[in-house]
Each structure stands twice: as C-alpha cells, then as structure tokens.
4 protein chains.
Amino acid sequence: MPGDLQLSYRATVELSQFDAQPESATEVPAANLPLETLHYLYPSRYCQSDLLVGLANSEFGDLEPGYARVSAICDWIYTKVKYLSGSTDSQTSACDTARERAGVCRDFAHLGIAFCRALNIPARFVSAYAYRLEPADFHACFEAFLGDRWYLFDATRLAPLDGIVRIAIGRDAADVSFGTLFGDVQMQRMNVFVESAEDNSQPDNLQDDSDADRKQTAISISESLVAK
Amino acid sequence: MPGDLQLSYRATVELSQFDAQPESATEVPAANLPLETLHYLYPSRYCQSDLLVGLANSEFGDLEPGYARVSAICDWIYTKVKYLSGSTDSQTSACDTARERAGVCRDFAHLGIAFCRALNIPARFVSAYAYRLEPADFHACFEAFLGDRWYLFDATRLAPLDGIVRIAIGRDAADVSFGTLFGDVQMQRMNVFVESAEDNSQPDNLQDDSDADRKQTAISISESLVAK
Amino acid sequence: MPGDLQLSYRATVELSQFDAQPESATEVPAANLPLETLHYLYPSRYCQSDLLVGLANSEFGDLEPGYARVSAICDWIYTKVKYLSGSTDSQTSACDTARERAGVCRDFAHLGIAFCRALNIPARFVSAYAYRLEPADFHACFEAFLGDRWYLFDATRLAPLDGIVRIAIGRDAADVSFGTLFGDVQMQRMNVFVESAEDNSQPDNLQDDSDADRKQTAISISESLVAK
Amino acid sequence: MPGDLQLSYRATVELSQFDAQPESATEVPAANLPLETLHYLYPSRYCQSDLLVGLANSEFGDLEPGYARVSAICDWIYTKVKYLSGSTDSQTSACDTARERAGVCRDFAHLGIAFCRALNIPARFVSAYAYRLEPADFHACFEAFLGDRWYLFDATRLAPLDGIVRIAIGRDAADVSFGTLFGDVQMQRMNVFVESAEDNSQPDNLQDDSDADRKQTAISISESLVAK
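K.L.:
Account for the pattern of salt bridges, with residues named and values stated.
P.N.:
For the structure on display, the rule yields 48 salt bridges over all chains. Measuring nitrogen to oxygen at the nearest pair gives 2.9 Å for the salt bridge that ties E27 of chain C to R69 of chain C. One end of the pair, E27 of chain C, is in the loop between β1 (11–20) and α1 (53–60); the other, R69 of chain C, is in helix α2 (residues 67–80), with 42 residues separating them in the sequence. Of the residues examined, R69 of chain C reaches a relative accessible area of 8% and is grouped as buried. Via salt bridges that share partners, R124, E143, R166 and E223 of chain A belong to a single interconnected network.

Have a look at this one:
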C-alpha cells in the first residue's frame, strides 16, 4: 500500500570533549589492544585494508607511528583526493577512491580507515552531524584508536572536529548508513537543524577557537543523549 | 626475539541440536527481523552482497522464499563451483568465486552468505570443527536466519550438519579467522582431534542417521562450552 | 575556442550476406586458426576472458563445440541478463555484466566475446548500424570465428542479423567507439537515418523472412562501402 | 599424444639507435597523432587507463608535458613500486600494481603504459631481450610516442636502454606474451644467450657509456632482423 511516510527524530545531546596532546596518542601494539577494538582492525566491505597494505606501507610505512602518522594519512587524502559531489555511489570503496582520487566525505573516511587498518591501527567509521558546518549537515569522518581511546579525524577538513556529534559508529558505511531502505522508497525531502540547548554562547565560543590551535590538539568526543 | 610458540586449546562441548521441518523455517520480512540480525544483512569484506544483487535475483529471485530457497542457493553453489584446494587465497571474495567457479569451504560459505544477504536473508559465517569429517578437521559453513532462529547450511556437502561444532560466528572470515597473526610467524604444525566425552555410542548413533533423512530436516545448532 | 561542431557522415553500403548451415560452422583448433584471428583470442579491456575461464567452462564447457555452443552462449546471456538502458557506463566490463546481470547491447556483446575467448573461440566486437531496428539505430553485436569465416551473433535478439551493417570491428568497444572525444565536448543531437539505395523492395523482402527460418542459419556479413 | 617439444629460435639482429635531446620529444595533441598510434591510446586488458585517469592526473597532471613527464612517471613507479619476483601473476593489471605497489618488469611496464594513456600519450608494451642485463635475459619495458617517434622507457631501471632488443610490441602483455600455450604444457627449461655477431668491441663500448650520460638522452630503437 503506497503512501507517504514521515520520520522525525530529535535528540538533546551533551557533547563531552577530551583534548590530548598529540604526542600522548601513540599507536598500540596489537598484543596490547583492548579486545573490543580488534574488530576495527579487520577489512570490511568499503575498507579493504588487506588490499591496501602495499599502498599504505609504501606511503606511510616509514613515518613515525602515532597521532602524527594518522594526521599524515589525512593530509595525504586531503591533498590527493578531490572532494567532488556526485563522483561516487553506494558501491564505491576505499580501493576505488585510492585510484579515482575523487569522492565525498564518506569516501574520504573509508580511505582513511583502510590505511589505518593496513598499518594495524584500529579505525572505525563515524556517521555524524556536523553542527558547525554552514549550513549544519550530516557528515562522515573516522576515529582511530591511539593510546587508550578513540580520536577523531576528518580528512575532508570541512568541519571543525569539536563540532562533530557522532550519530553512529561502525566498521564502515555499511554498518551505519543514515537509513537502510527495504522496498521501493523515494526520498522527497530531508531537513536537518540544530539549536543550542541552553546557552547560545557556547557554540559561539567554540567557533572562536582558532584552527591553528586545534591543529595541535588530538580530540576525542563522546556524547550523552536524550531522545525526545 | 624469535623462538617457538606453542598454543593448545581444549574444550568440552555439549552440542544441542534443534530439528525443524523445513517449511517452518520461513524468510522474515525486514521489518520483523530481530535487531541483532540486521548486521548480517549488510555487505562485508568477503560477502559483497550489494554487488551480487543482480546475480542473486537472476538465479534465485523467482524461487519460493524460505528454507527451500537457501537450499537452492547451496545446490547451485555445489553444482557450479568446484571444490579445489589451493585455488583461492586470503583475498578471494564471493564476487571472485561467482566468477572463478572454484574454491574451498570458506569460499563456498562466503558465496552462500552473499547470495542470502542480496535477497534480504540475514546470513553469517561459521568457523567450525567438523568432527564427523574423516579425518575430523576445521571447516567453514554458514547460517541463515529463518523463522525465529539461525539454521545451518553447508554448500560443500562435505560434512554432516549435525557433526558441526561452531567455534565462532561472524560476518565473514575476516571476523572469525582461526588466527590473526601480527608480525612474522611461520606455522609449523597443527593437530586437531576430538573424542567423545562420556558416551561413545552417541557420535556413532548420529553417524547412523541416513543422509536421506537429514535432507528433510532444517538443523539449528548451539553449543555450551567448558574451556579446560 | 569553444563553438559548435557538426559532423555528418554518409555512405552507400552494399551488403553481402553469406548463409551457412550451422553444422558447417565448427570451432577451429588453435593450431589451425588463421594468424589474423589470434588477437581476438586474447583478453581485452572490456572482455577479460582470462578472468572468466572458470565461469565459461562451468556453464558451456560440456556443450558440443561449434555454432551451437556460441548460440547457447547467446541464449544464456539473453535469458540471464536484463536489457536495461542506463544500467551501465563506459567502465562496465564483461566481468561486471556477468555479476550485475543487466546492461545494454554493448555489454551483451562484451560478455559474449569474453565467453567465446575463454573457450578458445576468436571473437570480436562489431559497432553496427541496425537498419531493420524500428527505428533504425546504432547497435553493437559480435562475431565469432567458426569454420573459415566470422559469423554474426546478437545476444540481445533486438535486431535481425541480416539487417546489420558493420561500421567497425575491434577487440572490444575501446577499439571501435562511435567517437572518442578529447577535450570538453557536449553532444547536442544525433540523427541517424537510412534509405534503400535503389530498390525499395529489397529491405521489405528481407523483413518478410520469418525469424524461425533465420534461426536455422548461420549468417556472415561483409560490406563494400562508398563514402560520399 | 604427450611428449617432449623443443623450440629454438635464433636471429641476427642489427640494432639501430636514435638519440634525441629530451626536449625535442614533446607530447603530441590528439588531433596531430598519426593514425597508427591511436590504438595505443585506448585502455587494454592490463592497462586500464580509463580507470586510472584520476590517479594519473592527481600525480602527473600538473607536470610539464613531454619526455620529462614520462620520465617522471617512470621515477614515480621506480620509487613507489617494489620489484619483487613472484609477487604477481598473469592476471595482475596496472590497477592492481598501483595498489599493491609490488611487481615485476611486466607490471612496471603496464603501469607506465596506463599512466601515459590516461594522459593521452600513446604507449605500448615491449617484449624484449635485454642483452646487457647480467645475465642477459628476457625483459619487458614500454615505448611512448613523443614528437614523431616511439621512445623507450624502463621504469625498473634494471637494463640499459641501449641494450634492449625488441622482440614484439603490442598493447600489453596479452598481445605479446613470449608464448601462448593451448592445452596442458609444462615448461622444463629455457636457455637464452647472445653473442656479438662480428665485432666484440661494440657491446663493450656501449657498456662504457656512463649512465649519467644516458639519462640526458631520449632513446628510440629499431631492429632489422634476419631469422636463421
């Protein structure tokens, strides 16, 4: 029975941000990795890290391990891959992006994740809401496990890291698509919006932070959420 | 510091087997699937179901949904894919096997899983110990979610289904390899063995079951395990 | 210097058609193949026959060699692959089509060629004008070398074989695209038309041939051409 | 009827070498390319230049066109791809090598060719005999069409360019394998040797050329051959 379907979702999110010095975010030997991070070492549908071991080692194998190496991966992607809307589709994988050198945020994240895993760094996909994008929008980035926690990275450099609200984390976009549709569905319209819950000054404050400062800081984000 | 490393693992397993009539094992509409089965609908590294939607629908789309359709998938694989030791490697995926038409148990399982997912049937990889193989050996097969539980399938037809001890389940072999090695390791030797814990007659009894009977029964297996 | 560019091409073609009994069109052992057919045995960009040896042998390896086997390949493609405009692009290859099970005339031809080569039958791509299509249009089909000449096959079953005017032959569409564009070009409009050079009754006569009759005949076509 | 088969082939080759200043070897606009070079612009089985347009433009698109750009391609390959015997097989293509970053002379040549074609530079595969390798051996390299002739390139840097005897040229290794075997054949032994036809001093003279000198010269080679 065909018809209109409208979904709305609202959440109040409290963002808790952990800033670390990059040098404290080190790579962890496989033997010391927490058990729950291991799944994020393995290749997945869109992040075929096993197929990219050669490329990752050729480009990043000789770099100093740690936060700086993951940053170098992001710099490489930012420099070599063109952000180009409509250049990819739902079948595009990290292997494709390494070759086509074009993609969108999802593709940038997949490639970053694949490179990390190829170097034995656990990495996972983040479906996010980037409230400091203008206009605010859905976004995709990734997290790498360094030291004792997950740190956020965004190879697109589009959204300030401290303006990322994680909606879901998974091995890649297959796990955490914004929606998985069964049957014949046509999307008509999507509206996303954000407002500061109590204190308008706080987001502004964040936006005042200079990017230069941020670049020196490793950021880890967690949210506590109340659905309404 | 190079040297020898020896690992041994021993477990006492009590196998609990659930037999159902095939017609009771029906496909479940996506809307009614238990939440924990959803991950097994998505494409994974070795089971790129999104890339095989066309092939799966061309071959199996018109078949009656349910246990019989998954059986037809296994028959197709058994008939069209040659079991050939050494024909594949750790990078071989379901897409490759659909084309190369040769592989080992792992490849048979990956292809079965990918076909199921392409038809919206949750399916997962089973790393197993097949104690009724002669000689008993590690094995790979898969489970599909039908009705209200996971049922076991083995497109290789090598091992009796009621002789399968599941060691691990995952989205594909990337999740549940027998071992993931970091660093430079050479395997020297592997011994696997099994003995009946108390009552020698039980495995024999099982082996007395005629295959013809078994073919009419959908089998679901669970284990309770004591590591020693 | 941007601007309009108009190309027109006109040719008077005399079609010479060779009809043979299918049983006389046999497969030729590699050792007896004419030297100039050998290139059409090798894999090419869109017809990766080396990657499809397993699939081709699994499906067609046991069939009687000869015209009937190539016909069986076309029947398989016609039955299993959906003709779907817009389902593929300029990167789609025979391997993709074997999996996606959808494509257009170019993809049908590529898959037929790849299967033939995988079975050691020389096969080549035909860029054609199908004047008995309604409306008449460009078309792609393929030729296989059997007996002592090239025979025409069209797995799409869209155009009568005796209404095919070959524009170019090559190893696959990479060789004989209708146009290869360098630089930034937008196609505005394409008109194709055909008229009978002298005798209007001849095309009509051809069209009177029943398809049933044609199915029993192996057709080989050559053209002599006067460009105007 | 199984049995031994022995093939021997002997040729007297007179090598004619054309040295040019690199700056005279310029890239030719597509409109000015000789007709017979066009086929070497198109993608082929192992040189899928259409799939590597993004990568080629990202790495080499901003470089000065001409001999120096093709040299830069070779430098890139030499630096980024490991020469590793046994790392590839007969299915390995330029796309694979760009990702795996390992291969043998054939793979180095395929990648160089694919990059050139992606930049609209005609390039072709050279099956060669490298008589100044020690020991002398078969080899693969490639030629790019610049100015008004084909110039030789070898991204492996293994063999001096002026010691290359071309055995065959083609679009890639599919065209000019050293042998294409039909049926079940096992190679037992292969011997290759070379001797100076008249004047022993000539090869020695060549070997005296310093590599430093050679690097400044674009070399084009042709052979006249007498089979014996």
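K.L.:
Please give an account of the pairing of strand β6 (residues 149–153) of chain D that cites residues and values.
P.N.:
All names here are of chain D. Burial analysis of β6 places 4 of its 5 residues in the buried class, the great majority of the element. Looking at chain direction, strand β5 (residues 137–146) and β6 are connected through 5 bridges and run antiparallel. Paired with A144 across the two strands is Y151, which belongs to β6. Hairpin connection from β5 to β6: 2 residues lie between these consecutive antiparallel strands, with G147 at a positive phi of about 60 degrees.

K.L.:
Break down the relation of the copies chain B and chain A for me, with residues and values.
P.N.:
Superposition record for chain B on chain A: RMSD 0.0 Å, screw rotation 180 degrees, translation along axis 0.0 Å. Both copies of the chain, as the preceding transformation shows, are related through a two-fold rotation axis. No C-alpha of chain B lies nearer the rotation axis than that of R45 of chain B, which sits 1.9 Å from it. The overlap is high: 100% of the interface residues of chain B also sit at the interface in chain A, so the same surface is used on both sides.

K.L.:
Describe the interface of chain D and chain C, listing the residues and the values that go with them.
P.N.:
Counting from both sides, the interface comprises 19 residues of chain D and, opposite them, 19 residues of chain C. The largest per-residue losses of area from chain D upon contact with chain C belong to Y42, R45 and F182 of chain D, which jointly make up 35% of the total buried on that side. Counting the contacts that link chain D with chain C gives 4 salt bridges. A salt bridge links D50 of chain D to R45 of chain C; the shortest N-O distance between them is 2.8 Å. Our count for the contact surface shared by chain D and chain C stands at 4 residue pairs in polar contact (both at pLDDT 80 or more).

K.L.:
Break down helix α2 (residues 67–80) of chain D for me, with residues and values.
P.N.:
When the terminal C-alpha atoms of α2 of chain D are compared, their 20 Å separation across 14 residues agrees well with the 20 Å that a helix rising 1.5 Å per residue should span. Residues of α2 of chain D that are buried: Y67, R69, V70, I73, C74, W76 and I77 of chain D.

K.L.:
Let's hear about the sheet that holds strand β6 (residues 149–153) of chain C: which residues, and what values?
P.N.:
Residue and element names in this part refer to chain C. Pairing in this open sheet of 4 strands is antiparallel, and the strands run β6-β5-β4-β7 from one edge to the other. Edge positions in the sheet fall to β6 and β7 (164–170), since each of these pairs with one other strand and no more. Across the sheet, the mean angle from the axis of one strand to that of its neighbour is 40 degrees, orientation sign disregarded. Pairing of strand β4 (residues 123–130) with strand β5 (residues 137–146) involves 8 bridges; the strand directions are antiparallel. Bridging across to β5, A123 finds its partner in A144. Across the face of the sheet, α2 comes into contact with β5 and β6 while running at roughly 30 degrees to β6.

K.L.:
Explain the interface of chain B and chain A to me, and be specific about the residues and the numbers.
P.N.:
Every contact between the two is made by 19 residues of chain B and, on the other side, 19 residues of chain A. Interface area for chain B against chain A, summed over the two sides, is near 1600 Å², with a carbon-plus-sulfur share of 56%. Where chain B meets chain A, there are 4 salt bridges. Classifying every residue of the side of chain B that touches chain A by side-chain character gives 8 nonpolar, 7 polar and 4 charged.

K.L.:
Quick rundown of the state of the cysteines? Include the residues and the values.
P.N.:
Applying the stated criterion to the full structure yields 0 disulfides over all chains. The thiol of C74 of chain B is not disulfide-bonded; the next cysteine sulfur, from C116 of chain B, is found 7.0 Å away. A disulfide-free cysteine, C105 of chain D has its sulfur positioned 8.5 Å from the sulfur of C141 of chain D, the nearest such atom. Note on C105 of chain D: relative accessible area 15%, which makes it buried.

K.L.:
Pulling in residues and values, what's your account of the sheet that holds strand β4 (residues 123–130) of chain A?
P.N.:
Residues and elements named next belong to chain A. Strand order across the open sheet formed by 4 strands is β6-β5-β4-β7, with antiparallel pairing between neighbours. Of all strands in the sheet, those with a lone pairing partner are β6 (149–153) and β7 (164–170), marking the two edges. For this sheet the average axis-to-axis angle between neighbouring strands, irrespective of direction, equals 40 degrees. The pairing of β4 with β7 spans 6 bridges and is classified as antiparallel. When the bridges of β7 are listed, A128 appears paired with R166. In the packing of helix α2 (residues 67–80) onto the sheet, the strands contacted are β5 (137–146) and β6, and the crossing angle to β6 comes to about 30 degrees. Of the strands in this sheet, β4 and β5 are in contact with helix α4 (residues 105–118), which crosses β5 at around 10 degrees.

K.L.:
Can you explain helix α4 (residues 105–118) of chain C? Please cite residues and give values.
P.N.:
Residues and elements named next belong to chain C. In this model α4 runs 20 Å from its N-terminal to its C-terminal C-alpha over 14 residues, within 8% of the 20 Å that 1.5 Å per residue would give. Of all 14 residues in α4, 13 are buried, a share of seventy percent or more. Positioned one or two residues after α4, N120 has a phi angle of 70 degrees, which is positive.

What counts, and at which threshold
Each chain carries its own residue numbering, running from 1 in the written order of its sequence. Chain letters and ligand numbers both follow the written order, the letters beginning at A and the numbers at 1. The predicted origin of the model limits local features to residues at a pLDDT of at least 70 and limits the giving and counting of side-chain atom pairs to 80 or more, whereas totals for whole chains, interfaces and linings rest on all residues. Heavy atoms from the whole structure form the basis of all side-chain values; hydrogens and water molecules are not counted. Salt bridges are identified by distance alone: a Lys or Arg side-chain nitrogen within 4 Å of an Asp or Glu carboxyl oxygen. Only DSSP runs of H or I reaching four residues or more are called helices, and only runs of E reaching two or more are called strands; each is numbered from the N terminus. Exposure categories follow from relative accessible area, calculated using a 1.4 Å probe and restricted to protein chains: below 20% of the type maximum is buried, above 50% is exposed, and the middle band is partly exposed. Paired strands, as defined in this entry, are two strands with at least two bridges between them according to DSSP. Here the copies are matched by least squares. The fit uses the C-alpha atoms of residues with pLDDT of at least 70 in both. Contacts are assigned to residue pairs that have any heavy atoms within 4.5 Å of one another. The buried area of a pairing is the accessible area, by a 1.4 Å probe, that goes missing from both parts when the two are put together, added over both. Two N or O atoms form a polar contact when they lie within 3.5 Å of each other; inside protein one atom must be a possible hydrogen donor and the other a possible acceptor, and for residues adjacent in sequence the pair counts only when both atoms belong to side chains. To estimate the expected span of a helix, count its residues, drop one, and scale the result by 1.5 Å. Every angle, taken between N-to-C directions, lies between 0 and 180 degrees, and every axis is a line fitted to C-alpha atoms, over only the stretch in contact when it is a helix. Under the scheme applied here, ten amino acids are nonpolar (Ala, Val, Leu, Ile, Met, Phe, Trp, Tyr, Cys and Pro), four are charged (Asp, Glu, Lys and Arg), and all others, including Gly, are polar. Throughout, a disulfide means two cysteine sulfur atoms within 2.5 Å of one another.

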